[in-house]
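Descriptive analysis of the structure
What follows is each chain in one-letter form.
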Amino acid sequence: MRTAAAAAALSLLLAWGCGPKRQSEAKPTMKTQPFGTTSDGQAVELFTLANSNGVEIAITNYGGIITAWKAPGRDGRAADIVLGFDTLDGYLAPHPYFGALVGRYANRIAKGTFTLNGVVYKLARNNGENALHGGIKGFDKAVWKARDVSTAAAAALDLTHTSPDGDEGYPGTLTATVVYSLNNNNELRIDYTATSDKDTVVNLTNHSYFNLAGQGEGDILGHELTLMAGRFTPVDAGLIPTGELRSVENTPFDFRRPTAIGARIDAADEQLKLGGGYDHNFVLDAGGGALSLAARVRDPGSGRVLEVLTTQPGIQLYTGNFLDGTITGKGGKVYRRRYGFCLETQHFPDSPNQPSFPSTVLKPGQTYRSTTVYRTSVAK
Ligand code: GLA
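Report follows, based on the coordinates. (Residues numbered from 1 in each chain as written. Predicted model: local features only at pLDDT ≥ 70, side-chain atom pairs only at ≥ 80, totals over all residues. Heavy atoms only, no water.)

With that settled, the discussion passes to the nonpolar core. Soluble, globular proteins show a tendency: their nonpolar side chains are buried together. Core analysis: the biggest nonpolar cluster contains 57 residues, and Trp69 and Leu343 have the highest contact counts within it. A total of five residues in this core trace back to one element, the largest contributor, which is strand β13 (residues 174-183). What Leu343 contacts, discounting residues up to four positions off in sequence, is Leu225, Leu227, Ala295, Val297, Val308, Ile315, Gln316, Leu317 and Tyr374. Counting residues in hydrophobic clusters, the runner-up holds 19 residues, among them Ala58, Ile65, Tyr91 and Phe98. (Core = buried A, V, L, I, M, F, W, Y, C linked by side-chain atoms within 4.5 Å. Buried < 20%, exposed > 50% of the residue type's maximum accessible area, 1.4 Å probe, protein only. Helix = DSSP H or I, 4+ residues; strand = E, 2+ residues; numbered from the N terminus. Contact = heavy atoms within 4.5 Å.)

Next up, the structure:
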């Protein structure tokens, strides 16, 4: 009896609106504005996705580049947490892939060559003797076709690019689609798909450089990182994996518990010397497939937290070792060594030459799919 009466009273209270508060959430929005013209005369745009918590992410269809990402900190103030430029001209000049979509093959392929079905393919070599991030004119420099595919739950931008057969040496006509969507959970979800008309290899990522204290506000060495990875792929002098999957146990590569990025970055370690810091692929414990938490970064100063979830088997931790103060970015900020970190979700570098690594081969009739989510929040 008592229970029934209590239940009745509770449902009355709920009906009167005294129950748990329903947040009246405004739906995420997207606004479009011109962003300039490329050197070959193509007009490009800037799309700004915004949600009800003050998160605002700007993306241009030139290279699918994330140009700005405003996220509130502990004090409620929003800061722009990605490195980049104020105008398109900044991105048209050489730069180290700030915010860009990377393809056809993110990371390195040894000596710019691989063999598929007995055929030797020669790629553009743009990193010493190796191929890096898709070549000389990779997906980061393409003008993508843009479409607003927003729903009630998320502001969403669909970017599509078709790369012709033989582009930068890769076989097959490859059509890639990347959907960026921002919801009210402060998640930027990136869904990648691709199809090809010939057997080929593909590995797509986003190359954003984060600084959770705000872009240009010092180095990221005090940021605390957790990586869900018990192994990493050690490299040679050209940053090509040796093929070994090495345990992180008792090495500066063990981020399984939250550790400052800078705590061991200058340790006398052969792998850190080769990378000039961290520039390595970690083998995610989840193994790829299901969307799983891969990394968490916390900036103790601002309280901002970034979590990365992915369906990919690997993640490249790059600590901006090559930034050297020669690039001036947004608001006149100078980007010095280690002023940003990248967490590039990916298949392992040089997989086309490493039969024991998860395969990056895509065949006609198949669809390449991967998803990565970057989620921001504030820690107390
Ligand atoms: C990747 C590479 C680095 C560097 C940057 C761009 O993260 O692994 O070695 O080339 O891109 O500068």
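Let us keep going from here.
Turning next to the environment of Pro241. Considering the arrangement of structural elements, one finds Pro241 in the loop between β18 (231-233) and β19 (246-247). By relative accessible area, which is 4% here, Pro241 ends up buried. Expressed as a C-alpha distance, the spacing of Pro241 and Ala110, which sit 131 residues apart in the sequence, is 8.9 Å. If near-sequence neighbours (up to four positions away) are discounted, Pro241 is found in contact with Thr233, Pro234, Val235, Pro349, Asp350, Gln354 and Phe357.

Another point: the sheet that holds strand β27 (residues 342-346). Ordered in space as β19-β18-β21-β24-β27, the five strands form an open sheet in which the pairing is antiparallel. The outermost strands of the open sheet, each flanked by one partner alone, are β19 and β27. Relative to strand β24 (residues 314-318), strand β21 (residues 279-283) is paired through five bridges, and the arrangement is antiparallel. Its bridge partner lying in β24, His280 is registered against Leu317. (Pairing = 2+ DSSP bridges.)

A few words now on the site of the ligand. In the vicinity of the ligand, 13 residues are found, and the nearest of them are Arg108, His133, His207, Asp279 and Glu344. Measuring from an oxygen atom of the ligand, one finds a side-chain N or O atom of Arg108 at 2.7 Å. Between the ligand and His207 there is a distance of 2.8 Å, counted from an oxygen atom to a side-chain nitrogen or oxygen. Relative to its free-state accessible area of 300 Å², the ligand is covered by the protein chains to the extent of 94%. With respect to the pocket detection grid, the ligand is positioned in the largest pocket. Considered class by class, the residues forming the shell around the ligand number seven nonpolar, three polar and three charged. (Near = heavy atom within 4 Å. Polar contact = N/O pair within 3.5 Å; in protein donor to acceptor, adjacent residues only side chain to side chain. Areas by Shrake-Rupley, 256 points an atom, 1.4 Å probe, with all protein chains shown as cover. 1 Å grid on protein atoms, 1.4 Å probe; cavity = no way out; pocket = protein on both sides within 12 Å on 5 of 7 lines; lining within 4 Å. Sits in = over half its atoms within 2 Å of the grid points. Nonpolar A, V, L, I, M, F, W, Y, C, P; charged D, E, K, R; others polar.)

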